[in-house]
Amino acid sequence: MRRRLVFSLIALSVAAVAQEPVPIPLHGKDPSRICHGKQSDAADCVVGPKAIYAPDPVYPEKEHKAGHEGAVVLVLVVGSDGLTREVRVSRTLSPDFDRAAMDAVNQWRFIPATMNGKPVPVEIDVQVTFKRR
């Protein structure tokens, strides 16, 4: 039985365009910087990344047998090349769930975020939900 991953981009952060600098976490402090949909007329607004390959995590057998469910929130950087970097746990569920979520997210690929039409690295929060079927 295949378990489905539910994820959502919770927050978006922007990095200055240079040589792939460390992203500056905004996490909602300046929502005017986030474009909704396509690039808008607002200067320096960011169109968020879009996941194009997001395999489901492997549901930890021990947690499945115990009937545990829940969500892990991860913070990760999506590079200007669309690759996942610097994944860390923001809200834990259990070590097994955390590891499964991180293993899956490390495989994800994105259409990178853009600012003024150019790819930029961004830091986002991702919720990975584990639900028994």
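This is a predicted model, so every value here is computed, not measured.

(A) Spatial organisation of the packing of aromatic side chains. Inspection of the entire model under this criterion finds four aromatic pairs. Arranged with centres 5.6 Å apart and planes meeting at 75°, the rings of Tyr59 and Phe97 form a pair that is edge-to-face. Of the two residues, Tyr59 is situated in the loop between strand E3 (50–53) and helix H1 (61–65) and Phe97 in helix H2 (residues 95–105); the sequence distance between them amounts to 38 residues. For the residue pair Tyr59 and Phe97, the accessibility class agrees, reading buried in each case.

(B) Structural detail: the pairing of strand E5 (residues 84–91). Relative to E5, strand E4 (residues 70–78) runs antiparallel, the two sharing five bridges. From the neighbouring strand, Val73 faces E5, where its bridge partner is Arg91.

(C) Local environment of unusual backbone geometry. Non-glycine residue Glu86 carries a positive phi angle of around 50°. Structurally, the position occupied by Glu86 is in strand E5.

Definitions and cut-offs
- Residues numbered from 1 in each chain as written.
- Predicted model: local features only at pLDDT ≥ 70, side-chain atom pairs only at ≥ 80, totals over all residues.
- Heavy atoms only, no water.
- Phe/Tyr/Trp six-rings, centres within 6.5 Å; stacked < 30°, edge-to-face > 60°.
- Helix = DSSP H or I, 4+ residues; strand = E, 2+ residues; numbered from the N terminus.
- Buried < 20%, exposed > 50% of the residue type's maximum accessible area, 1.4 Å probe, protein only.
- Pairing = 2+ DSSP bridges.

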